[in-house]
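Here's the letter readout for the chains.
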Amino acid sequence: MSKTAFYCQNCGNHFPKWLGQCSACKEWNTLAEEVVYNRKKASTGLSKNEASSKPEKINEIDNSNNPRILIKDEELNRVLGGGIVPGSLILIGGEPGIGKSTLLLQISLALKNKVLYVSGEESQQQIKRRADRIQDNSDSCYILNETNVEAIIKHIRSVRPELVIIDSIQTLQTDAIDSSPGSVSQIKESASHFLKYAKKTNLPILLVGHITKDGGIAGPKILEHMVDVVLHFEGDRNHIYRILRSKKNRFGSTAEIGIYEMLNNGLRQVKNPSELLLSNSKEPLSGNAIASTIEGIRPIMIEVQALVSSAVYGTPQRSTTGFNSKRLNMLLAVLEKKAGFKLGAKDVFLNITGGIKIEDPAIDLAVISAILSSNLNLSLKKGICFAAEIGLSGELRAVSKIDQRINEAERLGFKTLVIAEATKVSITPKNIKILKYSRIEDLLKNLFREQD
Ligand code: TYD
Ligand code: MG
């Protein structure tokens with residue numbers, strides 16, 4: 001007879017009966033009924049010997065013969081903090097069709113080490129076809145079409161790979177539990193099997209995770225706690241750029257990002273993002289402004305485009321690509337209150353080129369400048385770029401890593417960089433002028449071209 005329990009979709013705790021609120025994590029409406037039984041049989045197939053543990057002194061633990069596996073993909077190496085750590089469990093999430101399987105197949109084919117690529121979504125022929133498309137081949141990459149956790153572990157033991165890729169965690173199913181693949185308990189149990197296996201045998205495992213409507217990884221929140229690294233592969237499917245971001249990394253910084261282009265023959269690393277993301281128009285256009293941003297530790301110059309027009313319908317529209325719309329509303333409110341621009345009855349559209357989502361607040365000033373420029377129908381002066389955050393009272397605020405921003409802007413031939421008055425600059429660049437302003441009003445006086 002099957003036994004059921006109510007699993008919290010958020011934290012993964014289970015209860016014998018349904019509750020409106022999970023008493024563990026206090027989230028509402030997250031309990032769903034799932035079938036459980038056979039729990040006793042849950043096992044990773046480890047022998048008693050392997051499973052035995054023993055406390056060791058920290059200064060006696062040997063970590064020297066445990067080098068990270070370096071992948072050919074420098075972007076991913078950097079995001080991971082310098083290659084894959086042996087025994088780590090890495091979760092990579094992203095929207096359907098964004099290119100997770102492509103990225104992982106590319107890595108598998110480029111690696112000299114033995115890799116086992118397990119797919120529960122595509123057949124071996126489909127994967128071979130994709131490998132042909134990205135014009136790569138390898139004699140150390142094994143493809144397995146399997147969804148049963150115990151069977152996968154058996155194959156891992158016989159193939160003895162140095163890296164395992166599982167596409168995706170939501171298709172897996174373990175004999176230990178009877179609920180259907182993709183359910184909270186299946187995901188949790190399957191992931192914990194691989195977690196144990198990875199830690200005991202020092203084998204790194206990469207898991208692909210589907211994401212939900214709200215952008216979180218589907219399954220229990222505990223999945224993200226269990227793994228060592230959580231990566232998000234994001235981008236706008238209508239654009240070619242993709243960003244790999246790390247949300248959690250036990251072995252490195254989470255500030256790093258990797259940038260790729262999705263081409264006809266696979267993903268290509270983008271080494272010089274600034275040059276690609278700037279349009280080549282010779283004459284400045286109204287509504288365009290260039291921001292000097294830093295993502296991770298890399299400076300990226302990025303173009304912001306705004307269009308301000310009178311609202312045709314009653315309620316003005318605000319639409320953004322690659323920028324937080326709440327932040328846009330805040331900036332518009334600041335412009336209205338502090339700089340006297342009546343944008344309340346205007347439609348405002350804002351676009352970050354390449355559909356790349358920038359999290360650096362230094363983009364604020366370029367956003368404001370682009371909006372003002374479109375509203376006034378005046379273009380900004382040539383060769384100008386911006387790096388400052390905007391505060392609620394309309395003041396320009398200093399941003400970090402200003403020297404790097406200056407160097408990048410200078411390298412790309414910009415003539416002027418506008419920053420906040422309070423920014424501390426420690427270098428004296430030769431070919432770029434640094435303008436320091438403290439309020440939005442200063443921009444208006446000095447930065448726009450005369451109408452001709
Ligand atoms: P895929 O890796 O299957 O995405 P995911 O695993 O995240 O769901 O990527 C599928 C998309 O990428 C598909 O829409 C086609 C596109 N694509 C290319 O543009 N070029 C290529 O070389 C490949 C293999 C895919
Ligand atoms: Mg896929």
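Before any of the text, the structure's been laid out above.
Starting afresh in each chain, residues are numbered from 1 along the sequence in its written order. As they are written, the chains are lettered A onward and the ligands numbered 1 onward, keeping that order. At least 70 in pLDDT is required for a residue's local features to be given in this predicted model, at least 80 for side-chain atom pairs to be given and counted, and no such filter applies to totals for whole chains, interfaces and linings, which use all residues. Here the side-chain values reflect all heavy atoms present in the structure, with hydrogen atoms and water set aside.

1. A closer look at the pairing of strand β14 (residues 298–310)
Point 1. Note: strand β13 (residues 288–295) against β14, eight bridges, orientation antiparallel. Note that in β14 the partner of Ser 292 across the bridge is Met 301.
Point 2. Pairing between strands is defined by DSSP: at least two bridges between the two strands are required. Starting at the N terminus, helices and strands are each numbered in turn, a helix being any DSSP run of H or I of at least four residues and a strand any DSSP run of E of at least two. Two successive antiparallel strands, β13 and β14, enclose a turn made up of two residues, where Gly 296 displays a positive phi of approximately 70°.
Point 3. One ladder, built from seven bridges, connects β14 with strand β16 (residues 346–352); its direction is antiparallel. Bridging across to β16, Ser 309 finds its partner in Asp 347.

2. Structural notes on the sheet that holds strand β12 (residues 266–269)
Point 1. Taken in spatial order, the nine strands line up as β6-β5-β7-β8-β4-β9-β10-β11-β12 in an open sheet, and their pairing is mixed. The two strands at the open ends of the sheet, each matched to only one other strand, are β6 (141–145) and β12. Neighbouring strand axes in the sheet, compared pairwise and without regard to direction, differ in orientation by 25° on average.
Point 2. Against the sheet, helix α4 (residues 124–133) touches β5 (115–119) and β6, its axis set at about 145° to β6. Comment: axis = line fitted to C-alpha atoms, over the contacting stretch for helices; angle = value between 0 and 180 degrees taken between N-to-C directions. Residue contacts are counted whenever heavy atoms from the two residues lie within 4.5 Å of one another.

3. Considerations on the packing of helix α3 (residues 100–110) against α4
Point 1. At their nearest, the axes of α3 and α4 sit 10 Å apart, and the two run at 75° to each other. Between α3 and α4, the interaxial angle falls into the category roughly perpendicular. Only Ile 127, Arg 130 and Ala 131 of α4 make contact with α3, whose side of the interface consists of Ser 101, Thr 102, Leu 105 and Leu 109.
Point 2. Ten residues, namely Ala, Val, Leu, Ile, Met, Phe, Trp, Tyr, Cys and Pro, are considered nonpolar, four, namely Asp, Glu, Lys and Arg, are considered charged, and the remaining ones, Gly among them, are considered polar. Split into classes, the residues belonging to the contact of α3 with α4 amount to four nonpolar, two polar and one charged. Note on angle classes: values under 35 degrees are labelled roughly parallel, values over 145 roughly antiparallel, values of 65 to 115 roughly perpendicular, and the remainder oblique.

4. Section: unusual backbone geometry
Point 1. A cis geometry characterises the amide bond from Asp 167 onward to Ser 168, with omega recorded as 5°.
Point 2. Unlike most non-glycine residues, Asn 29 shows phi in positive territory, near 55°.
Point 3. Note on placement: Asn 29 falls in the loop between β2 (14–15) and β3 (31–36).
Point 4. Accessible area is worked out with a 1.4 Å probe on protein chains only. A residue is then buried under 20% of its type maximum, exposed over 50%, and partly exposed in between. Under the relative-accessibility criterion, Asn 29 is labelled exposed at 62%.

5. A few points about the packing of helix α5 (residues 149–159) against helix α6 (residues 184–201)
Point 1. For the pair α5 and α6, interaxial distance at closest approach is 10 Å and the crossing angle is 20°. With respect to α6, the axis of α5 lies roughly parallel. The element α5 and its partner α6 pack so that their crossing is right-handed. Along its contact with α5, which presents Val 149, Glu 150, Ile 152, Ile 153, Ile 156 and Arg 157, the element α6 presents Ser 190, His 193, Phe 194 and Tyr 197.
Point 2. Residues of the contact of α5 with α6, tallied by class, amount to six nonpolar, two polar and two charged. Each crossing gets its hand from how the near helix is turned against the far one by less than a right angle, where anticlockwise is left-handed and clockwise is right-handed.

6. Observations concerning the sheet that holds strand β1 (residues 3–8)
Point 1. The strand order across the open sheet formed by three strands is β2-β1-β3, and the pairing between neighbours is antiparallel. Because the sheet does not close on itself, it has two edges, and the strands there are β2 and β3.
Point 2. Taken together, the six bridges between β1 and β3 define a ladder with antiparallel strand orientation. Note on β3: the bridge partner recorded for Ala 5 is Glu 34.

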